[in-house]
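Read off the chains here:
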Amino acid sequence: GARIPLTPNHLAEGTHLVVRPQHVALERNNAKASGVLSGTVSEREFLGATVRYTVSTSAGAIVSDQSFMNSEGLLTVGEAVTLSVAGQHSCLLTG
């Protein structure tokens, strides 16, 4: 599906992109990807079948919930990642 660019320059002043943590996709750093936000894993928390990652980005801290059984394996604190969100799983708030 369509992806929303996740760079701070794409959002107008006073506009916020709202997503649920389970809809923020994380990939190990992909320097060739466009329209994604890069960051560094700053925290990792185990929540049963879910792993909650906090990622430090130029747009601030972003939380992502991933399956513990992710085929990519666990990310480590300090690891570089890219973040993306499918358009149908986001909402823009203005004002």
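Residues numbered from 1 in each chain as written. Predicted model: local features only at pLDDT ≥ 70, side-chain atom pairs only at ≥ 80, totals over all residues. Heavy atoms only, no water.

### Digging into the overall build of the protein
Here is step 1: A count of helices and strands for the protein gives zero helices and eight strands.
Here is step 2: In the protein, the succession of helices and strands from N to C terminus is β-β-β-β-β-β-β-β.
Here is step 3: For the protein, restricting intrachain contacts to residue pairs at least 6 apart in sequence, the fraction spanning at least 24 positions comes to 66%.
Here is step 4: Only carbon and sulfur atoms are counted for the fraction: they give 52% of the accessible area of the protein, which is about 5,900 Å². (Helix = DSSP H or I, 4+ residues; strand = E, 2+ residues; numbered from the N terminus. Contact = heavy atoms within 4.5 Å. Areas by Shrake-Rupley, 256 points an atom, 1.4 Å probe, with all protein chains shown as cover.)

### Re the nonpolar core
Here is step 1: Within the largest apolar cluster, 10 residues are counted, these being Val24, Leu26, Val41, Val51, Tyr53, Val55, Leu75, Val81, Leu83 and Val85.
Here is step 2: Within the residue set of this core, elements represented by two or more residues are β3 (24-28), β5 (50-57) and β7 (80-86).
Here is step 3: With sequence-adjacent residues up to four places away left out, Leu26 is seen in contact with Tyr53, Val55, Ser64, Gln66, Leu75, Val81, Thr82 and Leu83. (Core = buried A, V, L, I, M, F, W, Y, C linked by side-chain atoms within 4.5 Å. Buried < 20%, exposed > 50% of the residue type's maximum accessible area, 1.4 Å probe, protein only.)

### Quick word on the pattern of salt bridges
As a working rule, side chains carrying opposite charge can pair if their charged atoms are close by.
Here is step 1: One pass over the structure, following the stated rule, counts two salt bridges.
Here is step 2: A salt bridge links Arg52 to Asp65, with the nearest nitrogen and oxygen atoms 2.7 Å apart. A residue pair is termed long-range when its members are at least 10 positions apart, and Arg52 in strand β5 and Asp65 in strand β6 (residues 60-67) qualify at 13 residues.
Here is step 3: Looking at Asp65, the relative accessible area reads 13%, which means it is buried. (Salt bridge = Lys/Arg side-chain N within 4 Å of Asp/Glu carboxyl O.)

### Overview of the side chain of Glu79
Here is step 1: Mapped onto the fold, Glu79 is located in the loop between β6 and β7.
Here is step 2: A distance of 3.0 Å separates a polar atom in the side chain of Glu79 from the backbone nitrogen of Thr76.
Here is step 3: Among all residues touching Glu79, those that are not within four sequence positions of it are Arg28, Gly39, Thr40, Val41 and Leu74. (Polar contact = N/O pair within 3.5 Å; in protein donor to acceptor, adjacent residues only side chain to side chain.)

### Quick word on the pairing of β7
Working note: regular strand, side chains alternate between the two faces of the sheet.
Here is step 1: In terms of residue burial, β7 counts as a mostly covered element, since six of its seven residues are buried.
Here is step 2: The sheet contact formed by β3 and β7 spans five bridges and is antiparallel. Note that in β7 the partner of Glu27 across the bridge is Thr82.
Here is step 3: Summarising the sheet, strand β4 (residues 37-47) and β7 pair through four bridges and their orientation is antiparallel. Opposite Thr40, over in β7, you have Ala80 as the bridge partner. (Pairing = 2+ DSSP bridges.)

### Focus on the confidence of the model for the protein
Here is step 1: Per-residue pLDDT for the protein averages 81, and the proportion of residues at 70 or more is 79%.
Here is step 2: Within the protein, the element-level pLDDT minimum falls on strand β1 (residues 3-4), averaging 50, and the maximum on β5, averaging 95. (pLDDT = per-residue confidence, 0-100.)

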